[in-house]
Each structure stands twice: as structure tokens, then as C-alpha cells.
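Report on the structure
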Amino acid sequence: QVQLVESGGGLVQAGGSLRLSCAASRNIFSISTMGWYRQAPRKEREWVAHIRSGGSTNYVDSVKGRFTISRDNTENTVHLRMNSLKPEDTAVYYCYATSPQSMGVKWFWGQGTQVNVSS
């Protein structure tokens, strides 16, 4: 069953912008944190940003000032607005959601969406 569905990826020229979205199924109970990882060719998977249920955010240093993460708690949707894109932002972006449960924290993942930034 697909429980996180991503959209918004595509091809953009350097300096341009994209907004990624990730919608969680309503049958995921009590989501805590939502965020994004990315994986570029020939590089390790990298955490990008997250937003907690109360609205606090954190970012990897390389995207600070350029990316903005936000969420709609009612809709269980997270967004990543990416401005001033650089070729090094090219990657597959994966959203995630965490859900605290009695036996531990469960992680849910999106299918990935490709972001290509041309120079």
C-alpha cells in the first residue's frame, strides 16, 4: 500500500525553483516529524530537512536560505520549496514521516521524485 505520495519533481535551470509535495495517507496514525532525504548519483543518501508537528524546522547547511519546508497537519502533507537551485541539488528526493508507536517509531517513505537542475 502506498502511504506517502510525492509530486513536484522535474527539470529546472540553475537558479530556478521547484516545490515538492508529499501527502500521507490518513490511515497513518499520529505523525510526528515529516521531512526529506535526497540521493544524488555517486553520492550517499543525505538528509535535507524536517519539520516537527509543532512547526519547528531544521535544514542541512547546504540548503539553508534556499529551501523552505512546511506542512499542513490537517492534511498530513509536507512541502519543500526549493529556490536558487544549483546543479548539485540534482537528486532523487524522498519524503518521510515518523509515527511514534507503542513498540517504537515507525518510518514511512515516499516513492521518490527526480529533481534535475541543469547548468
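Structural notes, computed from the coordinates. Quick caveat, the model's predicted, so the values are computed rather than measured. (Residues numbered from 1 in each chain as written. Predicted model: local features only at pLDDT ≥ 70, side-chain atom pairs only at ≥ 80, totals over all residues. Heavy atoms only, no water.)

1. Quick word on the sheet that holds strand β1 (residues 4-7)
Pairing is antiparallel across the open sheet formed by four strands, whose spatial order is β1-β3-β8-β7. Of all strands in the sheet, those bounded by a partner on one side alone are β1 and β7 (67-72). Across this sheet, the average inter-strand angle for adjacent strands is 15 degrees, counted without regard to direction. Pairing analysis gives six bridges linking strand β3 (residues 18-24) to strand β8 (residues 77-82), with the strands arranged antiparallel. Counted as the bridge partner of Leu18 is Met82 from β8. (Pairing = 2+ DSSP bridges. Helix = DSSP H or I, 4+ residues; strand = E, 2+ residues; numbered from the N terminus. Axes fitted to C-alpha atoms, helices over the stretch in contact; angles between N-to-C directions.)

2. Looking at the pattern of salt bridges
Counted according to the given criterion, the structure contains four salt bridges. Arg38 is paired through a salt bridge with Asp89; the nearest N and O atoms lie 3.0 Å apart. One end of the pair, Arg38, is in strand β4 (residues 34-39); the other, Asp89, is in the loop between β8 and β9 (91-101), with 51 residues separating them in the sequence. By the burial criterion, Arg38 is buried, and Asp89 matches it. Residue Arg66 is joined to Asp89 by a salt bridge in which the shortest nitrogen-to-oxygen separation is 2.8 Å. One end of the pair, Arg66, is in the loop between β6 (57-59) and β7; the other, Asp89, is in the loop between β8 and β9, with 23 residues separating them in the sequence. Members of the salt-bridge network, linked through shared partners, are Arg38, Glu46, Arg66 and Asp89. (Salt bridge = Lys/Arg side-chain N within 4 Å of Asp/Glu carboxyl O. Buried < 20%, exposed > 50% of the residue type's maximum accessible area, 1.4 Å probe, protein only.)

3. Notes on the packing of aromatic side chains
By the definition in use, this model includes five aromatic pairs. Ring-pair connections join several aromatic residues into one group, and the members of that group are Tyr37, Tyr96, Trp107 and Trp109. When the ring centre of Phe108 is taken as origin, the NZ or CZ atom of Lys106, which lies over that ring, is 5.3 Å away. (Phe/Tyr/Trp six-rings, centres within 6.5 Å; stacked < 30°, edge-to-face > 60°. Lys NZ or Arg CZ within 6 Å of the ring centre and 35° of its normal.)

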